[in-house]
Amino acid sequence: MMNDYIQAIQNYLKDHGFEQLAPEAVLFDMDGVLFDSMRLHNESWQATAAVYNLEMLPDEPYTLEGCTSTLMINTLMERTHQRQATAEELETIYTEKRRRFNALPRPQRMPGAAEMLEKVGRDGGQRSLLERLQTAFPNVFRPDLIVSSKDYTQGKPAPDPYLCGLKRTSLQPNQALVVENAPLGVEAAGKAGIFT
């Protein structure tokens, strides 16, 4: 296992032209990494799709985990109606999804997340989102460093969320690590040039 990790770092350095990996920050995805929330996202997306008669595949939110609501809705609209959603449809459908998600029980912290964050904090350095993070993991996240979907235009698999994180921390890609669980998030972090 350790040899795999060392080889992965060597491959990363070679592929990106860096001399060393010198992490000063860890960028965390939230859903599926810090909170066990994907089941709730799946449930709320499935129910919302049913309300609007949109054809959604079983567990599709898992396969598109990390994408923006716009990508999710347009994927469903294209499959069902062979077109993109209008701005009004995007707003209406996402409002319903968010309402359903917020009506579900609060997601629990992922097992081991608090211990990992404590170790990272010891060894290194949107309102409801911030409140949830501060409640579950008090005094860990600085509000000025949190990146949400309101901070960029292109969501995962585009690198924008992680490029925004790098910009906020004033770091280069080899000065950060990303902790991700979703294929689209891993792809996004890779495109940003960050070891993931």
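Parameters and conventions
- Residues numbered from 1 in each chain as written.
- Predicted model: local features only at pLDDT ≥ 70, side-chain atom pairs only at ≥ 80, totals over all residues.
- Heavy atoms only, no water.
- Helix = DSSP H or I, 4+ residues; strand = E, 2+ residues; numbered from the N terminus.
- Contact = heavy atoms within 4.5 Å.
- Salt bridge = Lys/Arg side-chain N within 4 Å of Asp/Glu carboxyl O.
- Buried < 20%, exposed > 50% of the residue type's maximum accessible area, 1.4 Å probe, protein only.
- Expected span 1.5 Å × (residues − 1).
- pLDDT = per-residue confidence, 0-100.
- Arc of directions from axis to C-beta.
- Axes fitted to C-alpha atoms, helices over the stretch in contact; angles between N-to-C directions.
- Parallel < 35°, antiparallel > 145°, perpendicular 65-115°, else oblique.
- Left-handed = near helix turned anticlockwise from the far one by under 90°.
- Nonpolar A, V, L, I, M, F, W, Y, C, P; charged D, E, K, R; others polar.

**Student:** Sorry if this is basic, but what is going on with the environment of Leu171 here?
**Tutor:** Of note, Leu171 is situated in the loop between helix H8 (160–169) and strand S4 (176–179). Apart from the residues lying within four places of it in its own chain, the contact partners of Leu171 are Glu24, Ala25 and Leu166.

**Student:** Got a minute to help me understand the pattern of salt bridges in this structure?
**Tutor:** Applying the stated criterion across every chain yields a total of 10 salt bridges. A salt bridge links Arg142 to Asp144; the nearest nitrogen and oxygen atoms lie 2.6 Å apart. Residue Arg142 is classed as partly exposed on the basis of its relative accessible area of 48%. For Arg168, the salt bridge is made with Asp151, and the minimal N-O distance between the two is 3.1 Å. A residue pair is termed long-range when its members are at least 10 positions apart, and Arg168 in helix H8 and Asp151 in the loop between helix H7 (127–136) and H8 qualify at 17 residues. Asp151 gets classed as partly exposed once you look at its relative accessible area, which sits at 33%. It is possible to trace a salt-bridge network through shared partners that takes in Asp29, Lys156 and Glu180.

**Student:** Please clarify how helix H4 (residues 69–81) should be interpreted in this entry.
**Tutor:** Because an α-helix completes one turn every 3.6 residues, residues spaced three or four positions apart along the sequence face the same direction. For H4, which comprises 13 residues, the first-to-last C-alpha distance of 17 Å matches the rise-based estimate of 18 Å (1.5 Å per residue) to within 8%. Of the surrounding elements, those touching the buried residues of H4 are helix H2 (38–51), helix H3 (60–63) and helix H5 (87–103). Directly after H4, the chain includes Gln82, whose backbone phi takes a positive value near 55°.

**Student:** What is the right way to look at the confidence of the model for the chain in this model?
**Tutor:** For residues with low pLDDT, the predicted coordinates do not support detailed interpretation. Predicted confidence across the chain gives a mean pLDDT of 89, with 93% of residues reaching 70 or more. The secondary structure element of the chain with the lowest average pLDDT is H7, at 66, and the one with the highest is H5, at 97.

**Student:** Is there a simple way to explain H5 in this structure?
**Tutor:** With 17 residues, H5 ought to run about 24 Å at 1.5 Å a step, and its terminal C-alpha atoms sit 24 Å apart, in line with that. Turning to H5, its buried residues are Leu90, Ile93, Glu96, Lys97 and Phe101. Looking straight down H5, one finds that the buried residues subtend no more than 145° of arc, so they occupy a single side. Those residues of H5 that are exposed and angled more than 90 degrees off the buried face are Ala87, Glu88 and Ala103.

**Student:** I'm lost on the packing of H2 against H5 in this one. Help?
**Tutor:** A pair of packed helices is captured by two measures, namely the crossing angle of their axes and the spacing between those axes. Packing of H2 against H5 leaves a shortest axis separation of 9 Å and a crossing angle of 135°. In terms of their interaxial angle, H2 and H5 are classed as oblique. Between H2 and H5 lies a crossing of right-handed hand. For the pair H2 and H5, the contacting residues are Leu40, His41, Ser44, Trp45, Ala47, Thr48 and Val51 in the first and Ile93, Tyr94, Glu96, Lys97, Arg100 and Phe101 in the second. Partitioning the contact of H2 with H5 into residue classes produces 7 nonpolar, 3 polar and 3 charged.

**Student:** How should the packing of H4 against H5 be read in this particular structure?
**Tutor:** Following both chains from N to C, one finds H4 and H5 inclined at 105°, their axes separated by 10 Å at the closest point. If you check the angle between H4 and H5, you find them roughly perpendicular. In this structure, H4 contributes Ser69, Thr70, Ile73, Asn74 and Met77 to the contact, and H5 contributes Glu89, Leu90, Ile93 and Tyr94. Along the lines of polarity and charge, the residues of the contact of H4 with H5 split into 5 nonpolar, 3 polar and 1 charged.

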